[in-house]
Amino acid sequence: EVTELSKKSNAYVSITDPKTESGTTFSGKFVSYQVTTRPLSWSTRRRFNDFKWLRGVLATMYPTAMIPPLPDAKTSGRFEQEFIMSRLSLLEKFINAVLRNDLLRSCKFVEGFLRSETLQSLKSEGDKAKKPKIIEEMVCRNGEAPVSTDETSTELTGEMMRYLEQIEMAYLKAKKIAKVVVAESQTLANNMILLRDALDEIHDVQKTAPEEVGVKDMSAVFDESRAMTDKWAAQLLDHATIMQNYLLDFMRYNGHEVDSTRDTIKSQKSVEQDFGRKTERLREKKEKMWKVGDISKWELDPRNNYDRDELLQDKEKSFTLMSYKD
């Protein structure tokens, strides 16, 4: 479907300005976000449930597409600033991943989500969307609906599953190391503060020394050392916070993306297996009809006329015509 948004392959969404709103009589307070689409200059406010609705519609309409994941829902602590900013970042990743997919970007519900002031009518229409039931209704990015259940497709599915296992292990390893780095950065920052306190203690003791001892006044040196350790500790804590907020969120989001892709592949594999079982049952059904030899029972297309003798002499052709609806 050609939309204004579908023509903008460079479209990018930024999510900013989270606000806690009071809600209505029937719903509690929630956080809304400013959603701005460039270069189209669209701007509107959306909440987490709106993003959840959009993903549900896309998953229904495009069962063969890789729909990007959303961050986990949360009930407790969802109004804390750290959680709000983390969710904001992940929602931005989600919607921009949607826009990078030509098929999803052309969906009218995506455009309506980004430009409509309210979603009431759009949601009413989107809630009526139905999952395609026949191959002709399923499309991929180039608008075609290829169907292949040969050995190549099976091998490709196996390769994809192996890739997902490997990338998941790599993400888990990186996430584990990132957590260690964050923890050790915080520990080092705390030790820098302890070092500063120890230097202060040395300075305080030196100031009590009798004049006869001739201890040189080291106040300037200690002040410089104190400022240096404070600065190092602050930088370490800042770096730990940045890693916590961004790197771990990145790991979490891509972990969800792996899960989403794996679920899609499993679904495709299940459909492929079901297709194989139905094909085998249909073949067995045709074998029985062929043995009986009564073409009136072959479930042929009634709109065409067939030569009985010709069909009974050509099994391969007959099999392509039997049970035409199946």
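Residues numbered from 1 in each chain as written. Predicted model: local features only at pLDDT ≥ 70, side-chain atom pairs only at ≥ 80, totals over all residues. Heavy atoms only, no water.

Caption draft 1: Highlighting the environment of serine 9. Within the element layout of this structure, serine 9 appears in the segment before β1 (12–21). Considered as a pair, serine 9 and leucine 99 are 90 residues apart in the sequence and their alpha carbons are 7.7 Å apart. (Helix = DSSP H or I, 4+ residues; strand = E, 2+ residues; numbered from the N terminus.)

Caption draft 2: Representation of the side chain of threonine 229 in the model. With respect to the helices, strands and loops of the structure, threonine 229 is situated in helix α7 (residues 219–292). The exposure class assigned to threonine 229 is buried, which follows from its relative accessible area of 2%. Aside from chain neighbours lying at most four places away, what touches threonine 229 is Met192, Leu195 and Arg196. (Buried < 20%, exposed > 50% of the residue type's maximum accessible area, 1.4 Å probe, protein only. Contact = heavy atoms within 4.5 Å.)

Caption draft 3: Seen up close, the sheet that holds strand β3 (residues 42–47). Read from one edge of the open sheet, three strands run β1-β2-β3, paired in antiparallel fashion. Sheet topology places β1 and β3 at the edges, where each strand pairs with a single neighbour. The sheet shows a mean angle of 25° between the axes of neighbouring strands, taken without regard to direction. Together, β1 and β2 (30–38) form the strand contacts of helix α2 (residues 81–99), whose direction differs from that of β1 by roughly 145°. On the sheet, helix α4 (residues 108–115) packs against β1, β2 and β3 and is oriented at approximately 95° with respect to β3. (Pairing = 2+ DSSP bridges. Axes fitted to C-alpha atoms, helices over the stretch in contact; angles between N-to-C directions.)

Caption draft 4: Region of interest: the pattern of salt bridges. For the coordinates displayed, the defined rule picks out 23 salt bridges. Between arginine 115 and glutamate 111 there is a salt bridge, with its nearest N and O atoms 2.9 Å apart. With arginine 115 and glutamate 111 both in helix α4 and four residues apart, this pair spans about one turn of that helix. With its nearest N and O atoms 2.7 Å apart, the salt bridge here joins glutamate 280 to arginine 283. Placement of both glutamate 280 and arginine 283 in helix α7 is noted, with a separation of three residues, approximately one turn of the helix. With a relative accessible area of 37%, arginine 283 lands in the partly exposed category. (Salt bridge = Lys/Arg side-chain N within 4 Å of Asp/Glu carboxyl O.)

Caption draft 5: Focus on the packing of helix α1 (residues 48–61) against α2. Closest axis-to-axis distance for the α1/α2 pair is 12 Å, and the angle between their directions is 30°. When the interaxial angle is binned, α1 and α2 end up roughly parallel. The crossing of α1 and α2 is left-handed. Here α1 contributes Phe48, Phe51, Leu54, Arg55 and Leu58 to the contact with α2, which in turn contributes Arg87, Leu91, Phe94, Ile95 and Val98. Tallied by class, residues from the contact of α1 with α2 come to eight nonpolar, no polar and two charged. (Parallel < 35°, antiparallel > 145°, perpendicular 65-115°, else oblique. Left-handed = near helix turned anticlockwise from the far one by under 90°. Nonpolar A, V, L, I, M, F, W, Y, C, P; charged D, E, K, R; others polar.)

Caption draft 6: Broad picture of the packing of aromatic side chains. Within this structure, the stated rule accounts for four aromatic pairs. Through pairs of rings, three or more aromatic residues link up here, namely Phe51, Phe94 and Phe113. Over the face of the ring belonging to phenylalanine 113 we find arginine 46, whose NZ or CZ atom lies 5.4 Å from the ring centre. Positioned above the aromatic ring of phenylalanine 48 is the side chain of arginine 87, whose terminal nitrogen or guanidinium carbon lies 3.8 Å from the ring centre. (Phe/Tyr/Trp six-rings, centres within 6.5 Å; stacked < 30°, edge-to-face > 60°. Lys NZ or Arg CZ within 6 Å of the ring centre and 35° of its normal.)

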